[in-house]
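Given next are the chains, with one letter for each unit.
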Amino acid sequence: MAKSNIKEHIIEIASKLFYVNGYNATGINEIITKAEIAKATLYHHFKSKEAICIAYLERRHKSFMRSLSSYVLERPEGKQKLLAIFDYLRDMYRNDDFYGCWGIKTFGELPPDNQMISALIQKHKKEFLLFLGGIVGDNLMNISKAETEKISGGLYLLYESAITESYLHKNDWPIHLAKRIAPSLFSEAEA
């Protein structure tokens, strides 16, 4: 296997383990065993478990943003496009491998002094919030920057709570409720 393929293979295996079992519950030896590689091979590509976690979070975020963006862009223009994020979340929830938000799951397991991974998760959340701001700005007319931030911030909070609560309750009712509440954020705006 080529070196880049080995690195990607390690990230893929670690990603599944981190997402399903959690960051703390996944050990280096488990990654090595599941990836069917030698310890030296793992450490050749990654200097630490934290480095693997950073690669995992980067991969998940890029995949999520690419997939969500594509999903939303395929929806009709206007207010319905703003609600597409909840349809996307519902589809993710219905997938057999839904374990909530990978970023928040990882963040919840970090010691307070782990600034590197914390900062990365915060960066990813800010990028998602900016994405929502772009969708709001493109689909609602004649609203101020403050109103755009209020609407996108509200959508962000509804989405984030829906993903967490649907995983917690093992049910998609929080997603449906968030989607029903969301239009109240922009009911007076013109599309």
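What counts, and at which threshold
- Residues numbered from 1 in each chain as written.
- Predicted model: local features only at pLDDT ≥ 70, side-chain atom pairs only at ≥ 80, totals over all residues.
- Heavy atoms only, no water.
- Buried < 20%, exposed > 50% of the residue type's maximum accessible area, 1.4 Å probe, protein only.
- Helix = DSSP H or I, 4+ residues; strand = E, 2+ residues; numbered from the N terminus.
- Arc of directions from axis to C-beta.
- Salt bridge = Lys/Arg side-chain N within 4 Å of Asp/Glu carboxyl O.

A. Broad picture of helix α2 (residues 28-35). Turning to α2, its buried residues number three or more, namely I28, I31, I32 and A35. What you see down the axis of α2 is that its buried residues fit within an arc of 100 degrees, all on one side. When the buried face of α2 is taken as reference, the exposed residues oriented beyond 90 degrees from it are N29, T33 and K34. Note on α2: the residue one or two positions beyond its end, E36, has a positive phi of about 55 degrees.

B. Just the pattern of salt bridges, in detail. Using the criterion set out here, one finds 10 salt bridges in the structure. Note that R90 is salt-bridged to D91, the shortest N-O span being 3.0 Å. Judged by its relative accessible area of 34%, D91 is partly exposed. One salt-bridge network, held together by shared partners, links D87, R90, D91 and K179.

By themselves, these are just geometric observations and shouldn't be taken as functional.
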